[in-house]
Amino acid sequence: MEEYNVCSSPLTIFPGRRPKVLLLGNGINRVYGGASWTGLLEKINRTAFTTDQVKSMPFPMQAVLLSKDHVDISLQDLQRELTQCELHPWLAEQLQRLLALPFDCVLTPNFTYEIECAVISGFLEHPQRYLRHTQAVPRAENRFMLHTYYDLPLEKGSLPLFHIHGEARTPDTVILGHYYYGNLLFCCDEYLTHRAPNHRYPLWPGQDGMPALSWLDYFILGDVYSLGFGFDTSEMDLWWLLCRKKRERAPHGDLWFFEPERKSMETKRALLEAYHAKCISLGVKEPGEEEYKHFYEMAVKDIGRRLEKTT
């Protein structure tokens, strides 16, 4: 692992140019049978409760209850399964189209490796070859992955991919359970307090650029395109960061939330808009299972058009 775990070329954010950031969740994987939250809970369940009985709880607490507060051990037991990757051709095509767009960074809360496998043949045979860390840390992190990423080699150049909630290959990094969410949020606050005191990033006219030391830099300063991520209200780290992004005094980007319009999501959309997020439904309302494929295809094209206008 040490052979490949070296600091890559510095990641840089330039003044006057918002980074273009893809926040890609598990929704697009679900179109063709990707792992679901319910399926994961069923596999870690060590109780007599069913997933239906606990669904009223916030997601992190569901995992804690059903695993009897042994989320880490449960994930270690599932490590082999979660580090397998067989992509449906449609999913591989959509991921390749997304990654070909002029993004500066990809963030994913997913633990699994569909994104890497879509662009790197045999990625899971030697994942360490692509592992990098920013100049903020001396080596790849084994807990909260604020500074550790995979360097995806693409035709347009390399693209950093951060697993913001950890990855299945190293279960100790996975954020699953309110204790771990709380600790991650503490790390985010501590980093930003030192990086940007008084909500002011050090981006001033005349600078050649600012090194990106964490995925938090991209999230706060960039135009973030969120696709396949439901922004459940239990994701307290990202809700906090969205509020922090809104309060940033240095020039910063927007968050574009792509999700079909559903009656059950009215309050969540209103909350996102209160934090200045822009909700894009592409005219899709109350979709059935078959309609999601079309929605994601339209979303990939729409994101491409928006990026063309701002690049």
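Up top you'll find the structure we're talking about.
Small disclaimer: the values here were computed from a predicted structure and weren't measured.

## Some remarks on the packing of helix H6 (residues 89-100) against helix H12 (residues 291-310)
- Packing of H6 against H12 leaves a shortest axis separation of 10 Å and a crossing angle of 15°. Comparing the axis directions of H6 and H12 gives the class roughly parallel. The interaxial crossing formed by H6 with H12 has left-handed handedness. Mapping the contact onto sequence places Trp90, Gln94, Arg97 and Leu98 in H6 and Lys293, Tyr296, Glu297, Val300 and Ile303 in H12.
- For the contact of H6 with H12, the residue count by class is five nonpolar, one polar and three charged.

## Side note on the layout of surface pockets
- In this structure, the largest pocket spans a volume of roughly 1,600 Å³.
- What lines the largest pocket is a set of 49 residues, and nearest its centre among them are Asn26, Arg30, Ala35, Ser36 and Trp37.
- Top contributing element to the lining of the largest pocket by residue count: helix H2 (residues 37-44), with five residues.
- Per-class residue counts for the lining of the largest pocket are 21 nonpolar, 17 polar and eleven charged.

## What about the nonpolar core?
- One finds Leu98, Leu227, Phe258 and Ile303 to be the most contacted residues of the largest nonpolar core, which totals 50 residues.
- Here this core takes six residues from H12, the largest share from any one element.
- Excluding its chain neighbours within four sequence positions, the residues that come into contact with isoleucine 303 are Leu98, Leu101, Phe103, Tyr225, Leu227 and Phe258.

## So, helix H8 (residues 178-195)
- In a regular helix each residue adds 1.5 Å, so 18 residues correspond to 26 Å; H8 covers 25 Å between its end C-alpha atoms and thus fits that length.
- Within H8, burial applies to Tyr181, Leu184, Leu185, Cys187, Cys188, Tyr191, Leu192 and Arg195. Projected down its long axis, H8 shows its buried positions confined to an angular sector of 160°, all on one face. Exposed and facing more than 90 degrees away from the buried side of H8 are Tyr179, Phe186 and His194.
- Check the buried side of H8 and you find it contacts helix H3 (59-66), strand E8 (210-211), helix H9 (215-221) and helix H10 (236-247).

## Concerning the pattern of salt bridges
- With the rule as written, the count across this model stands at 14 salt bridges.
- Among the salt bridges present, the one from lysine 20 reaches aspartate 223, with a minimum N-O distance of 2.9 Å. Placement of lysine 20 in strand E3 (residues 20-24) and of aspartate 223 in strand E9 (residues 223-227) is noted, with a sequence separation of 203 residues between them.
- A relative accessible area of 5% places lysine 20 in the buried class.
- Among the residues examined, aspartate 223 registers a relative accessible area of 5% and is labelled buried.
- Between aspartate 302 and arginine 306 there is a salt bridge, with the nearest N and O atoms lying 2.5 Å from each other. On the criterion of helical spacing, the pair formed by aspartate 302 and arginine 306 is a turn pair, its members being four residues apart in helix H12.
- Relative accessible area serves as the criterion here: at 23%, arginine 306 is assigned to the partly exposed category.

Cut-offs applied
- Residues numbered from 1 in each chain as written.
- Predicted model: local features only at pLDDT ≥ 70, side-chain atom pairs only at ≥ 80, totals over all residues.
- Heavy atoms only, no water.
- Axes fitted to C-alpha atoms, helices over the stretch in contact; angles between N-to-C directions.
- Helix = DSSP H or I, 4+ residues; strand = E, 2+ residues; numbered from the N terminus.
- Parallel < 35°, antiparallel > 145°, perpendicular 65-115°, else oblique.
- Left-handed = near helix turned anticlockwise from the far one by under 90°.
- Contact = heavy atoms within 4.5 Å.
- Nonpolar A, V, L, I, M, F, W, Y, C, P; charged D, E, K, R; others polar.
- 1 Å grid on protein atoms, 1.4 Å probe; cavity = no way out; pocket = protein on both sides within 12 Å on 5 of 7 lines; lining within 4 Å.
- Points joined across faces, edges and corners; volume = space filled by probe spheres on them.
- Core = buried A, V, L, I, M, F, W, Y, C linked by side-chain atoms within 4.5 Å.
- Buried < 20%, exposed > 50% of the residue type's maximum accessible area, 1.4 Å probe, protein only.
- Expected span 1.5 Å × (residues − 1).
- Arc of directions from axis to C-beta.
- Salt bridge = Lys/Arg side-chain N within 4 Å of Asp/Glu carboxyl O.

The quantities given are spatial measurements derived from coordinates; they are silent on function.
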